[in-house]
Amino acid sequence: MTTAFVLSGGANLGAAQAGTLAALGEAGIRPDLIVGTSVGAVNGAWIAGEGDIEDLLDVWRDLRRSDVFPAGPVGGLLGFLGRSDHLVSDGGLRRLLRTHLRFSDLEDAATPLHLAARTCCPARESCSRGGTHWKLSWRAPPSRACSRR
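Parameters and conventions
- Residues numbered from 1 in each chain as written.
- Predicted model: local features only at pLDDT ≥ 70, side-chain atom pairs only at ≥ 80, totals over all residues.
- Heavy atoms only, no water.
- Patch = residues over 30% accessible without salt bridge, like charges linked within 9 Å, V, L, I, M, F, W, Y side chains within 5 Å.
- Areas by Shrake-Rupley, 256 points an atom, 1.4 Å probe, with all protein chains shown as cover.
- Salt bridge = Lys/Arg side-chain N within 4 Å of Asp/Glu carboxyl O.
- Lys, Arg positive; Asp, Glu negative; His and termini not counted.
- Charge placed at Lys NZ, Arg CZ, Asp CG, Glu CD.
- Helix = DSSP H or I, 4+ residues; strand = E, 2+ residues; numbered from the N terminus.
- Core = buried A, V, L, I, M, F, W, Y, C linked by side-chain atoms within 4.5 Å.
- Buried < 20%, exposed > 50% of the residue type's maximum accessible area, 1.4 Å probe, protein only.

Caption draft 1: Here's a closer look at a negative patch on the surface. Together, E26, D52, E54 and D55 give the surface a local cluster of negative charge. As for its position among the elements, E26 is in helix α1 (residues 13-26).

Right, here's the structure in full:
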């Protein structure tokens, strides 16, 4: 029988997921496949890369909003005025991923990892398994609403 971990999005639900993943690990339950979206993709990537679960719990204990979403008035204003493609930089999330994940391409994950993402413009769903798309899937969608011309 195949065991799959399916991890949803939901920002701070990621901390609860980390606790659940720790309990599953302690019970000896290991996934054959991981599917994740948003924060579930981050936690799933940690598990897929065979990261230490205690380290993941430490990251969640120490994590601050500004670590992931380094908001500032100038960046927000530029995004609001359409001079930037975002209101909040994705630099914090990228830094967190580069620091803690053990791989950068999906093919390099020890456990098969599948990601689901949603883009804003045009609204469509995306599922990825390939290395090139992995890099795109971590990119935050544009903050401006799409307009039809």
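Once you've had a look at it, read on.
Caption draft 2: Examining the nonpolar core more closely. Grouped together as the largest cluster of nonpolar side chains are 27 residues, with contacts concentrated most on I34 and L113. Every element with two or more residues in this core is listed here: β1 (4-7), α1, α2 (39-48), α3 (53-62), α6 (91-100) and β3 (113-119). Looking at which element gives the most residues to this core, the answer is α2, with seven residues.

Caption draft 3: Spatial organisation of the pattern of salt bridges. What the rule picks out here adds up to one salt bridge. In this structure, R61 and D58 form a salt bridge, with 2.7 Å as the shortest nitrogen-oxygen distance. Of this pair, R61 and D58 are both found in helix α3, three residues apart, which corresponds to roughly one turn of the helix. We classify D58 as partly exposed; its relative accessible area is 34%.

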